[in-house]
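Listed below are the residues making up each chain.
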Amino acid sequence: MPIAEVSAGRIHYVERGEGPAVVLLHGLLMNHTQWDAVIDKLPDGFRYVLPDLPFGSHPEPMREGADLSMRGMNQLLADFLAALDLHDVTLVHTDWGGSLFLTAYGLDERVGRMIVLPCEAWDNFPPGLPGKTVTVATHLPGGVTLGLKQLRISWLRSSPLLFGWMARYPLSDELVHGWTEPGLRDKRIQRDMLAYGRSKRSKAELIANTEALRNFSGEALILWSSAGKVMPREHGRRLAELIPKARLVEIDDAYVLSMIDQPDAVAAAMSEFLTSAVIDHG
């Protein structure tokens, strides 16, 4: 995997294709493989970049003492875009909603458009039962290691406390083993995730930082799931109303990980948005 050097450390990423940049993010305790079922279905003519952010499934620990708070993670993402000299990026959000705050922090100058899949927003940090489970695990001695091991047991990870409300259909052992291997191999990987998970944030600040998206001037596709309990359905509608140039498309029979639950429908909606943007701006 190629590597981008940023102040917080080394960010591994994969990429394919050439053309306008599309940066696809991932969620907590996941990595770029979250997009495996969709990436081959997206249109040619774009440069797809998929970083492994330090959320517990990244291959290499960040520098000791790196700022991995909410603001620090946004700075890391902005630094990553700058390190690759990416401009007018289509930024794809999922699960982790902190990247929506680039606008609030004044760090979105390289972002031209957004695709927003079900993710944290307003005060839904951490989201639902899975988010609360992670929060508890981060404050218990050995809790993260235990949680990673539990995720490897299919019937346990199907619980609403783990991935049962994240994915509408069971996740494969191969996929989840890849997500959990780094943290089980290196406690410094867990350290990075804990640095983010334990960082303080107030509900008022989270809400204000979400509301700042009314100042985002680019086009946005809110690609929300109609089913699911972790990311409220109404949040998709509210985001579409908040962002001036946004439109809402709902994916049926999918939870948070709609790119895994319904890859064809997600790829079709993303493809239509990407190609129409090229036509509109061409």
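Above this note sits the structure.
Treat the numbers as computed from the prediction; the structure is a model and nothing was measured.

Quick notes on the rules
- Residues numbered from 1 in each chain as written.
- Predicted model: local features only at pLDDT ≥ 70, side-chain atom pairs only at ≥ 80, totals over all residues.
- Heavy atoms only, no water.
- Core = buried A, V, L, I, M, F, W, Y, C linked by side-chain atoms within 4.5 Å.
- Buried < 20%, exposed > 50% of the residue type's maximum accessible area, 1.4 Å probe, protein only.
- Helix = DSSP H or I, 4+ residues; strand = E, 2+ residues; numbered from the N terminus.
- Axes fitted to C-alpha atoms, helices over the stretch in contact; angles between N-to-C directions.
- Parallel < 35°, antiparallel > 145°, perpendicular 65-115°, else oblique.
- Contact = heavy atoms within 4.5 Å.
- Nonpolar A, V, L, I, M, F, W, Y, C, P; charged D, E, K, R; others polar.
- Pairing = 2+ DSSP bridges.

A. Region of the structure containing the nonpolar core. Of all hydrophobic cores here, the largest spans 92 residues; its most connected members are Leu24 and Met270. With seven residues, helix 2 (residues 70-83) is the single largest residue contributor to this core.

B. Spotlight on the environment of Glu241. With respect to the secondary-structure elements, Glu241 resides in helix 9 (residues 233-242). For Glu241, a relative accessible area of 57% translates into the label exposed. For the pair Glu241 and Gly178, spaced 63 residues apart in sequence, the C-alpha separation works out to 37 Å.

C. Main features of the packing of helix 6 (residues 173-185) against helix 7 (residues 187-197). Between helix 6 and helix 7, the shortest axis-to-axis distance is 4 Å and the interhelical angle comes to 105 degrees. By the angle class used here, helix 6 and helix 7 are roughly perpendicular. When helix 6 is examined against helix 7, the residues Pro182, Gly183 and Arg185 are found in contact with a partner set consisting of Lys187, Ile189 and Gln190. Class assignment for the residues of the contact of helix 6 with helix 7 results in two nonpolar, two polar and two charged.

D. The arrangement of the sheet that holds strand 1 (residues 3-6) in detail. Here eight strands make up an open sheet; going across it, the order is 1-2-4-3-5-6-7-8 and the pairing mixed. In this open sheet, the two strands that pair with only one neighbour each are strand 1 and strand 8 (245-251). In this sheet, adjacent strand axes meet at a mean angle of 20 degrees when their direction is disregarded. Here six bridges tie strand 5 (residues 89-95) to strand 6 (residues 111-119), and the two strands are oriented parallel to one another. For Val89, the partnering residue across the bridge sits in strand 6 and is Val111. Where helix 2 meets the sheet, its contacts fall on strand 1, strand 2 (9-16), strand 3 (21-24), strand 4 (47-51), strand 5 and strand 6, and the angle it forms with strand 1 comes to roughly 120 degrees. Packed onto the sheet, helix 9 meets strand 6, strand 7 (219-225) and strand 8 and runs at close to 170 degrees relative to strand 7.

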